[in-house]
Amino acid sequence: MIIDFLDAVLGESTYELWDKAVASAKGVYSNAQMKKAAVHAAERIREGGLVVFPTETVYGLGADAFNASAVARVYSEKGRPGDNPLILHITNTEQFEELANNPPPYAYELIKAYWPGPLTLVANKKFTLPAWVGGHPDKSTSTVGIRMPAHPVAMAFLKEAGIVAAPSANKSGKPSPTALSHVLEDFPKIESESSDITALDGGSATIGLESTVIDITGDHPKILRHGTITAERISLVTKLPTHDTPKNVAVPQAPGMKYKHYAPRAEMTLISGNAIDVAAYISKCAEESDHRVGILLQEKTRGCFPYPPSNAEILVLGGDDKAMARNLFACLRKFDQMGVGKIYAEAVNESGIGVAIMDRMRKAAEGRVIDV
Ligand code: AMP
Ligand code: MG
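Notes on the structure follow. In this text the structure is predicted, and so the values were computed from the model without any measurement.

The next point concerns the site of ligand 1. Ligand 1 sits among 16 residues. The nearest are Arg 80, Asn 84, Thr 143, Ser 168 and Arg 225. Between a nitrogen atom of ligand 1 and a main-chain N or O atom of Leu 86, the distance comes to 3.4 Å. Measuring from a nitrogen atom of ligand 1, one finds a side-chain N or O atom of Thr 143 at 3.0 Å. Secondary-structure elements contributing two or more residues to the shell around ligand 1 are strand 5 (143-147) and strand 9 (222-225). Ranked by residues supplied to the shell around ligand 1, first place goes to strand 5 with three residues. Split into classes, the residues belonging to the shell around ligand 1 amount to nine nonpolar, five polar and two charged.

Buried within helix 6 (residues 105-114) are the following residues: Tyr 106, Ala 107, Leu 110, Ile 111 and Tyr 114. One face of helix 6 carries all of its buried residues, which in axial projection span an arc of 150°. Facing away from the buried surface of helix 6 by more than 90 degrees, the exposed residues are Pro 105 and Lys 112. The inward-facing, buried residues of helix 6 contact helix 2 (14-26), helix 5 (93-99), strand 4 (119-124), strand 8 (212-215) and helix 9 (231-238).

With that out of the way, let us pick up the sheet that holds strand 8. Across the sheet, nine strands lie side by side as 7-1-2-6-3-5-4-8-9; this open sheet has mixed pairing. Of all the strands in the sheet, just strand 7 (197-199) and strand 9 have a single pairing partner and so form its edges. In this sheet, adjacent strand axes meet at a mean angle of 35° when their direction is disregarded. Two strands pair when backbone bridges link them, and strand 3 (residues 87-89) and strand 6 (residues 164-166) are joined in this way by three bridges, in the antiparallel orientation. Looking across to strand 6, one finds that Leu 88 is bridged to Ala 165. Each of strand 1 (50-53), strand 2 (60-64), strand 6 and strand 7 is contacted by helix 4 (residues 68-78), which is oriented at about 155° to strand 2, the strand it contacts most.

Reading the values: the criteria
Residues numbered from 1 in each chain as written. Chains lettered and ligands numbered in written order. Predicted model: local features only at pLDDT ≥ 70, side-chain atom pairs only at ≥ 80, totals over all residues. Heavy atoms only, no water. Near = heavy atom within 4 Å. Polar contact = N/O pair within 3.5 Å; in protein donor to acceptor, adjacent residues only side chain to side chain. Helix = DSSP H or I, 4+ residues; strand = E, 2+ residues; numbered from the N terminus. Nonpolar A, V, L, I, M, F, W, Y, C, P; charged D, E, K, R; others polar. Buried < 20%, exposed > 50% of the residue type's maximum accessible area, 1.4 Å probe, protein only. Arc of directions from axis to C-beta. Contact = heavy atoms within 4.5 Å. Pairing = 2+ DSSP bridges. Axes fitted to C-alpha atoms, helices over the stretch in contact; angles between N-to-C directions.

And the structure:
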């Protein structure tokens, strides 16, 4: 409990995050190759093209934030509803000033502590900007979501390209992509020679869950989407109470929250309770099922399945909450590849990063949770 609390409050420093992303990118590009790829991708952005790029959270599908037809194409390629806004990706605080109107002092405390990093700030938009910027070109929005990613490939690309609007690079509704191979599963045409979407590789995402989204338009920070920067860490640096988003609200706070999300093809159910009861319940469900069944466990529960049912595929999410965050979306995609008909997943302890992991798992399960 104390360890959970300390982890929730302290988390990983910006330097640690950066070093991990550098190590991941080094497996793909030398410095010279990275620079060349970034310059090429930025040219495509200036020509009105789309670019897939890695970040420490998930891969993004980006367009020039001020090019209406390119941004409209991001929505159509993904099949994304027009009322779900995009995140504007930046590399310096001057760009934040160009986009955000009169941000409160606590916003700068958050920037100092957590940028570059997995934190999106939703600010009032500068009146001088086009009404649609930050969302779909057919809509207008008074706020903009802004983030500075902690990934060397993203940084190199964005420094050349300028402000890039990007959602996650998956088909709408699918689990977010944490490796380039996941992006190619959803957009196979990228691999064809005639493709006009350019892709940058950065290795596996080191965080693997989307950024925490904080509304900074009020007197207090308000969480719109949970991520690895927890409410405790927001309050620690702002010295303000952080307002949370109630679970399962009828009216969603952030536009993206109302849609089916992160869902594998198989119907997923979360099972919550003590490890032994959860294991017994999942075994029974698997044995009674006519389908091949996917079972998603934590490391500590793996030992409860010495003789898994013959129709079961077991994947282990991880031994600690950072590993679980990193592996969740990849596990859901793996179950799709294995062709399982149903997934039973052990619920995760909802403290620290566990809050964000359970948020994604609940959505992937479309709210199906059984307490045993
Ligand atoms: P994605 O990168 O696919 O996770 O999508 C970006 C997410 O950022 C959206 O679904 C919203 O949750 C959030 N977001 C971006 N801009 C805004 C905004 N202006 N107001 C509220 N939420 C936003
Ligand atoms: Mg997304």
